[in-house]
Amino acid sequence: MRDLFIVGAGGFGREAVWTIERINRASQQPLWNVIGFADDDPKKATGNFEGYPMLGSAEKASKDSPGASVFIAVGDNKIRAEIYKRLRGHDFPALIDPSAQVSPTTEFKHGTFIAPEAVVSVGTEIGKFVIINARAGVGHDTSVGDFANIAPGVSLSGHTTIEEGVFMGTNSCTAPGMKVGAYAVVACGTPVLKNVEAGSTLSPFGTLKV
C-alpha cells in the first residue's frame, strides 16, 4: 500500500476518502493507506475527521510525510490550483470510483477525481485536477481542461471543449461541439447552446462578464 493524505477536511474530502475505501475494497490488495487529512483552517489542525487523524496544514503534512501521495479535495478551482503549486514534489494520483464507467481510450492526468456512476466516453481528454462528479456524463471526443469542475448530473455532449478552471453547475448541459472558455461559470440546469466566453457566467437570465 502507498501512504496518502487528503488535503481538505470538508464535503469533498469525505467523498474522496469514501472512494478510496471503495477502491481498496474492490482491489485484490488495498492500494492506499490514508494517513490522515490536512487542512489550512487552524480550527482543523488536530483531532479526527471521518475516523482519520488531522495532520495540520497542507505544508505541515507535506513536511512530515515527504514521500506520501496527496489528493487535493478542494472544490474551488483556483484554490485547488494554488494548493498544487505549494505541494509540488509529491505524487498526485487520479482517483476513479469503481462504479464509474471510463473508456479505456480516455486520457486523464494526475489529481483528477471521477466520482460514483460518472460516465466518460471514448476519445476524451481529461486534464489534471479535474472533478467529474457523480452521475455526470462526458460525451465522446470531449476535452476537459485542467482544474475544471463538472458538477453532479452534468451532461457534456460529444466534441465539447471545456477549458481550464470552468465550473459546470449541477444538471447543466452542452449541445454538441460547444466551447466553454477558461474560468467561465455555467449555472445549475443551464443549457449551453452557443460558445461561452472566458470568465463569464451563463445563467437562465443570460451571459454576464465577471
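On a predicted model such as this, the values are computed, not experimentally measured, just so you know. (Residues numbered from 1 in each chain as written. Predicted model: local features only at pLDDT ≥ 70, side-chain atom pairs only at ≥ 80, totals over all residues. Heavy atoms only, no water.)

A. Representation of unusual backbone geometry within the structure. Not every positive phi belongs to a glycine, and Glu50 is a case in point at roughly 55°. Mapped onto the fold, Glu50 is located in the loop between β3 (48–49) and β4 (52–53). Of note in this structure, Phe129 is not a glycine but carries a positive phi near 55°. By the secondary structure assignment, Phe129 is in the loop between β11 (125–126) and β12 (131–132). Note on Phe129: relative accessible area 0%, which makes it buried. (Helix = DSSP H or I, 4+ residues; strand = E, 2+ residues; numbered from the N terminus. Buried < 20%, exposed > 50% of the residue type's maximum accessible area, 1.4 Å probe, protein only.)

B. Geometry of the sheet that holds strand β1 (residues 2–7). Judged by pairing direction, the sheet is parallel, and its 3 strands sit side by side in the order β2-β1-β5 without closing on themselves. Only two strands of the sheet have a single neighbouring strand rather than two, namely β2 (32–38) and β5 (69–72). Along the sheet, successive strands turn relative to each other by an average axial angle of 25°, direction set aside. Sheet topology places β1 next to β5; 4 bridges connect them, and they run parallel. Looking across to β5, one finds that Leu4 is bridged to Ser69. The strands touched by helix α1 (residues 11–26) are β1, β2 and β5; relative to β2, the strand with the most contacts, the crossing angle is about 170°. (Pairing = 2+ DSSP bridges. Axes fitted to C-alpha atoms, helices over the stretch in contact; angles between N-to-C directions. Contact = heavy atoms within 4.5 Å.)

C. Representation of the packing of aromatic side chains. One pass over the full model with this rule turns up 10 aromatic pairs. On the basis of an interplanar angle of 65° and a centroid distance of 6.2 Å, the ring pair of Phe37 and Tyr52 is categorised as edge-to-face. Of this pair, Phe37 sits in strand β2 while Tyr52 sits in strand β4, placing them 15 residues apart in sequence. For the residue pair Phe37 and Tyr52, the accessibility class agrees, reading buried in each case. Arranged with centres 4.6 Å apart and planes meeting at 45°, the rings of Tyr84 and Phe129 form a pair that is tilted. You can see Tyr84 sitting in helix α3 (residues 77–86) and its partner Phe129 sitting in the loop between β11 and β12, a full 45 residues away along the chain. Judged on exposure class, the residue Tyr84 and its partner Phe129 are both buried. Taken together through their ring pairs, the aromatic side chains of Tyr84, Phe92, Phe129 and Phe147 make up a single cluster. (Phe/Tyr/Trp six-rings, centres within 6.5 Å; stacked < 30°, edge-to-face > 60°.)

D. Here's a closer look at α3. Along α3, the residues classified as buried are Asn77, Arg80, Ala81, Ile83 and Tyr84. Along α3, the residues classed as buried sweep out an arc of 160° about the axis, all on the same side. When the buried face of α3 is taken as reference, the exposed residues oriented beyond 90 degrees from it are Lys78 and Lys85. Packing partners of the buried residues in α3 comprise β1, β5, β12, β15 (149–150) and β18 (167–168). You can read the cap of α3 off the contacts: a side-chain oxygen lies 3.1 Å from the backbone nitrogen of Lys78, and it is on Asp76. (Arc of directions from axis to C-beta. Polar contact = N/O pair within 3.5 Å; in protein donor to acceptor, adjacent residues only side chain to side chain.)

E. Inspection of the environment of Met178 at higher detail. Mapped onto the secondary structure, Met178 falls in the loop between β19 (173–174) and β20 (179–180). With 15 residues separating them along the chain, Met178 and Leu193 place their C-alpha atoms 7.1 Å apart. Residues within four places of Met178 in sequence aside, it is in contact with His159, Thr160, Thr161, Val192, Leu193, Lys194 and Asn195.

F. Inspection of the side chain of Thr124 at higher detail. Positionally, Thr124 belongs in the loop between β10 (119–120) and β11. If we skip the residues at most four places from it in the chain, Thr124 touches Thr105, Thr106, Glu107, Val138, Gly139, His140, Asp141 and Thr142.

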